[in-house]
Amino acid sequence: MNCSLKLLAIAGAVAFAPYSLANTGEQKCSHPKNDCSANVSVKTATAGAPCQAVIGVGHIRVARGVQTRHVWKIVSAPKDKGQYEWDLANGIEIIQDKDHQVLNKGITKEGHFWILNANNVPGSEIEYIAHVRQIVDRAHTQMCDSMDPRIINSL
């Protein structure tokens, strides 16, 4: 019994490790060698609230000095049968970039959204909102609520 509990704990840790590593803490990434990957987890709409798009814990810290490309993938809960997509007009909307760190942005061929961060001002913060839509049917979509996360260039 004790062994099976340990195996269950290990299996749980392995299952959640990619999600937690991709969404929190400082990442080792540089453009063009590797991207900084993060998931946008989407929670389906309920009777009282629209769907919600949540990006990790809201902060992504990256080491300063090397351009980085941040790539977000939309991921829904395993039992959620809804379809989601980036709002093509906004996708990731930059709401604060005082130090002009965002050099470019767009959508990849795989449908993931990315921004290129100059990453050359220590402590600079880029705040953004993820604009994700739930496809209700062919004629109707619904915008999901979103948190205001940020990317912080470490000192």
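Keep in mind it's a predicted model, so treat the numbers as computed, not measured.

Visitor: Report on the overall build of the protein chain, specifying residues and quantitative values.
Guide: A tally of regular secondary structure across the protein chain gives one helix and 14 strands. In the protein chain, which comprises 155 residues, the share counted as buried stands at 37%. Contacts in the protein chain between residues far apart in sequence, at least 24 positions, make up 68% of those at least 6 positions apart. In the form shown here, the protein chain has an accessible surface area of approximately 9,300 Å², with 56% of it arising from carbon and sulfur atoms.

Visitor: Account for the layout of surface pockets, with residues named and values stated.
Guide: What the largest pocket holds in volume is close to 170 Å³. Around the largest pocket sit Ser41, Val42, Lys43, Thr44, Val75, Ser76, Ala77, Pro78 and Asp80, which together line it. The element best represented in the lining of the largest pocket is strand E2 (residues 36-43), accounting for three residues. Per-class residue counts for the lining of the largest pocket are four nonpolar, three polar and two charged.

Visitor: So, the state of the cysteines: which residues are in play, and what are the values?
Guide: A full pass over the atoms with the stated rule returns one disulfide. There is a disulfide in this structure between Cys51 and Cys144, and the S-S distance comes to 1.9 Å. Measuring the twist about the S-S bond at about -95 degrees, one finds the Cys51-Cys144 disulfide to be left-handed. Here Cys51, found in the loop between E2 and strand E3 (52-55), pairs with Cys144, found in the loop between strand E12 (140-143) and strand E13 (145-146); they are 93 residues apart in sequence, far enough to count as distant. Among the residues examined, Cys51 registers a relative accessible area of 0% and is labelled buried. Judged by its relative accessible area of 8%, Cys144 falls in the buried class.

Visitor: Lay out the pattern of salt bridges with the relevant residues and their values.
Guide: Two side chains of opposite charge can pair, provided their charged atoms sit close to one another. All chains considered together, the criterion is met by three salt bridges. Taking the shortest distance from any N to any O, the salt bridge between Arg69 and Asp35 comes out at 3.1 Å. Here Arg69 is found in strand E5 (residues 68-76), whereas its partner Asp35 is found in the loop between strand E1 (26-27) and E2, with 34 residues between them in sequence. The partner of Glu85 in a salt bridge is Arg133, with the nearest N and O atoms 2.3 Å apart. On the criterion of sequence distance, the pair formed by Glu85 in strand E6 (residues 83-86) and Arg133 in strand E11 (residues 132-137) is long-range, its members being 48 residues apart. Shared partners join several salt bridges into a network, and the residues in it are Glu85, Asp87 and Arg133.

Visitor: How would you explain the sheet that holds E12 if you had to name every residue and give the values?
Guide: Spatially, three strands are ordered E6-E11-E12 in an open sheet, and the strand pairing comes out antiparallel. At either end of the open sheet lies a strand with only one pairing partner, and these are E6 and E12. When strand polarity is set aside, the average angle formed by the axes of neighbouring strands in this sheet is 35 degrees. Looking at chain direction, E6 and E11 are connected through four bridges and run antiparallel. When the sheet's bridge partners are listed, Trp86 is paired in E11 with Val132.

Rules used in this analysis
Residues numbered from 1 in each chain as written. Predicted model: local features only at pLDDT ≥ 70, side-chain atom pairs only at ≥ 80, totals over all residues. Heavy atoms only, no water. Helix = DSSP H or I, 4+ residues; strand = E, 2+ residues; numbered from the N terminus. Buried < 20%, exposed > 50% of the residue type's maximum accessible area, 1.4 Å probe, protein only. Contact = heavy atoms within 4.5 Å. Areas by Shrake-Rupley, 256 points an atom, 1.4 Å probe, with all protein chains shown as cover. 1 Å grid on protein atoms, 1.4 Å probe; cavity = no way out; pocket = protein on both sides within 12 Å on 5 of 7 lines; lining within 4 Å. Points joined across faces, edges and corners; volume = space filled by probe spheres on them. Nonpolar A, V, L, I, M, F, W, Y, C, P; charged D, E, K, R; others polar. Disulfide = S-S within 2.5 Å. Salt bridge = Lys/Arg side-chain N within 4 Å of Asp/Glu carboxyl O. Pairing = 2+ DSSP bridges. Axes fitted to C-alpha atoms, helices over the stretch in contact; angles between N-to-C directions.

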